[in-house]
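# Analysis of the macromolecular model
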Amino acid sequence: MDFVRCDGETLTLVFALEVGGTADCLYVGACLPAGEDLAMLAAAHARGRHESQPDHPPRPGLLPERKAGWSAAPALELRRGGARALTDCRVSRWEADPHGITVTFVDELAGAKITVRWQIGAGDVLRAQLILANTGQGTLEVERLAALALPVPARFTHLTSYSGRWASEMQDHRRSVAPDGLARTSAIGKPGFHGGNWLLLHAGEEVLGAHLAWSGDHWLALEPDNQGAGDGRAMLLMGARWDAGEILLAPGDTLASPQAVIALAPGRSALAQAFHQHVRQAVLPQRAQWPLRKVHLNSWEALGFALSQAKLIALTEAAASLGIERFVLDDGWFAARRDDTSSLGDWTVCPDVFPQGLAPLIARVHALGMDFGLWVEPEMVSPDSDLYRAHPGWCLHTEGRQRPTMRGQLALDLARNEVREHLFSALSALLRDHAIAYLKWDHNRDLYPNGKHQTEGFYALLDRLRAAHPHVEIESCSSGGGRIDMSVLGRTHRVWPSDNNDPVERLRIIPAWSQFLPLEVLGSHVGPSPNPITGRRASMDFRAKVAVFGHMGVEADPSQMTDRERETLAAHIALYKAWRGVLHSGALHRLAHPDPGVTGMMVTHQDKALVLAAQTAFSPVFDAAPLRLAGLEPQARYRVTLPEPWPPKARHYLADPDQWRSGITLSGTALMAQGLALPLTHPETAWLIALERLPQ
Ligand code: GLA
């Protein structure tokens, strides 16, 4: 038996490997001291056989298979000649470097070679992947290939899983891992609103976050120990989900799973920071060269389908006067699309709305100092479209069966070359013929029947388009957050977290997504009041303060606002511009508060920090408890101010407004231990708190 350790800055992994036998991960935890005796570590955790176990208890380790009495989910399931191929893969070799390990398993009888790769990278985030090769004769059908099999240390007794629906993404649920574990799957061709591709495991405050970086269907299994291994550890498996017969490997072919992404941290803020570092350094395309995230105005909740050149020009002018930097023309600009029943697939400018094309609108947008963005939904087709009439066979369908629509649309078969060629030419022509800085790339239908290799087709199209138009920013939207993952983010610049712009809902949705993703990729818009989805009314001050914590935009018609609301909005856009450098580069801290109606988040970066403190409920006490800050240097002194405008309802309760204007100077310790007492009694009031570290 060999023992190997891999280290990040704060993380150590220890592996036990036996050529001809198994590979296991013995330790996942805080950095071990140099010189730790790894054989002793193994001895300290070895278990004797207990009753009701096979004579040689299975050791599933990094590659659980259906063998030797292991009865939980396996990492791979293969078929040959229509029959299940039961595998018995043994370690044939392994290579390790200080930050990662690659283990090769071989089963000559089954004709399979599996390579397991684990690599610790930016943020100490572990990326895991399995690669399967068909080394036998004849076709190998892959029913399942996990990206990761992680024996979870027994101290992780609780989990947080996510569920959701349209306009209410990422609802978290915390519960015990035992006795039932967790099983999640998606079967709609994308992760969906159900959040099964994100998971937290808890050991007290310590938290392990797991994610499958894949934009198609997934499966996830977390099975507590009781499946034969009998060593107290649960097994976590995650992988892409394929339909029967979808993945067929010819002799010599290989299949790489998507990557699973794992991070471990002493608390949820540290976990968010680890994932953010990973996303910033290893996922987002050329993040370091990104310009500042421009303030958007999107036409959807301002005009919907009621587009006209005159209304749009008026909207651009109103936008510019608020300080907007990018005007995004949403749905309804193309072909005969006057509502959502037609024209998807016909990506030509609607001559009725734009008799001279988009050029006059774009010229106006540029003259006002903004750049221009456009909505597209390339993977879809309306039955009422020229594209469908010309190519009725291009959509996903089952021959001889009905073609049920969703939102009046069908999905194109992106595995087909001619479909991708057509879409590339249509989108490329749009980008070539117009000065488009940004595409909002939408996807508003579940895939049924499910397409084979649909996700790979989507990636190929997106990759080709990005290579041809490298300066165009792209947003991944799927009726809001229906297709958010770190693989689509590796190809785009931001995601649309939810169609729900109601600030009360956003105060749940943004903290949930930002557990994994940094604020600069989370579109965060000020919507109308009443909100078109929830019907709730909210003050502009509240809507705008909440929207600052993300990639800020506006999705409302300024001409429907009062002068006071416009002033308040413009002031918050200016605040966002002043603080986006901090918000989009710094470390996010989730702030705890005894009142469940209070949400607190702050971002620290170099000598500055910005805090959002928001109350949604009516506080049970007159004076809500002080908000304790985080992430500050205990000994440093900070000047604390409350950037104006202040929330109209709450401002009267400030004891000494001038003091808050000129600044309160306190140590990091005082701010973190005791906090700041702010008027947070009334529902839907929010404060921004600015901190500046003073020179020593
Ligand atoms: C989806 C998106 C919305 C909007 C509409 C337009 O629902 O999530 O933001 O773009 O489509 O039809």
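Our subject is the structure listed above.
This structure is a prediction, so every number in the text was calculated from the model and none was measured.

## Some thoughts on the overall build of the protein
Counting its secondary structure elements, the protein contains 13 helices and 36 strands. Relative to the 2.2 N^0.38 estimate, which gives 26 Å for 696 residues, the radius of gyration of the protein is 27 Å and therefore close to what a compact globule would have. Across its three principal axes, the protein shows a C-alpha extent of roughly 80 × 70 × 40 Å. Across the 696 residues that make up the protein, the buried fraction comes to 61%.

## Things to note about the environment of Glu 51
Assignment of secondary structure puts Glu 51 in the loop between α1 (38–45) and β4 (76–80). Sequence separation of Glu 51 and Gly 230 is 179 residues, and the distance between their C-alpha atoms is 9.9 Å.

## Concerning the pairing of strand β23 (residues 371–376)
Across the 6 residues of β23, 6 count as buried, placing the element largely inside the fold. Two elements, strand β22 (residues 326–329) and β23, share 4 bridges in a ladder whose sense is parallel. The partner of Phe 327 across the bridge, within β23, is Phe 372.

## Thoughts on the pattern of salt bridges
Summed over all chains, the structure comprises 41 salt bridges. Its salt-bridge partner being Asp 231, residue Arg 233 comes within 3.0 Å of it at the nearest N-O pair. Classification of Arg 233 as buried rests on a relative accessible area of 19%. A residue is classified by how much of its surface remains accessible, and Asp 231, at 21% relative accessible area, is partly exposed. A salt bridge links Glu 473 to Arg 293; the shortest N-O distance between them is 3.0 Å. Note that Glu 473 is positioned in strand β27 (residues 473–476) and Arg 293 in the loop between α2 (268–283) and β21 (296–298), a separation of 180 residues in sequence.

## Notes on α2
Every buried residue of α2 is listed here: Ser 269, Leu 271, Ala 272, Ala 274, Phe 275, His 276, His 278, Val 279, Arg 280 and Val 283. The inward-facing, buried residues of α2 contact β9 (126–134), β14 (198–203), β15 (206–213), β20 (259–265), α11 (563–583) and β31 (587–591).

Cut-offs applied
- Residues numbered from 1 in each chain as written.
- Predicted model: local features only at pLDDT ≥ 70, side-chain atom pairs only at ≥ 80, totals over all residues.
- Heavy atoms only, no water.
- Helix = DSSP H or I, 4+ residues; strand = E, 2+ residues; numbered from the N terminus.
- Rg over C-alpha atoms; globule rule 2.2 N^0.38 Å.
- Buried < 20%, exposed > 50% of the residue type's maximum accessible area, 1.4 Å probe, protein only.
- Pairing = 2+ DSSP bridges.
- Salt bridge = Lys/Arg side-chain N within 4 Å of Asp/Glu carboxyl O.
- Contact = heavy atoms within 4.5 Å.

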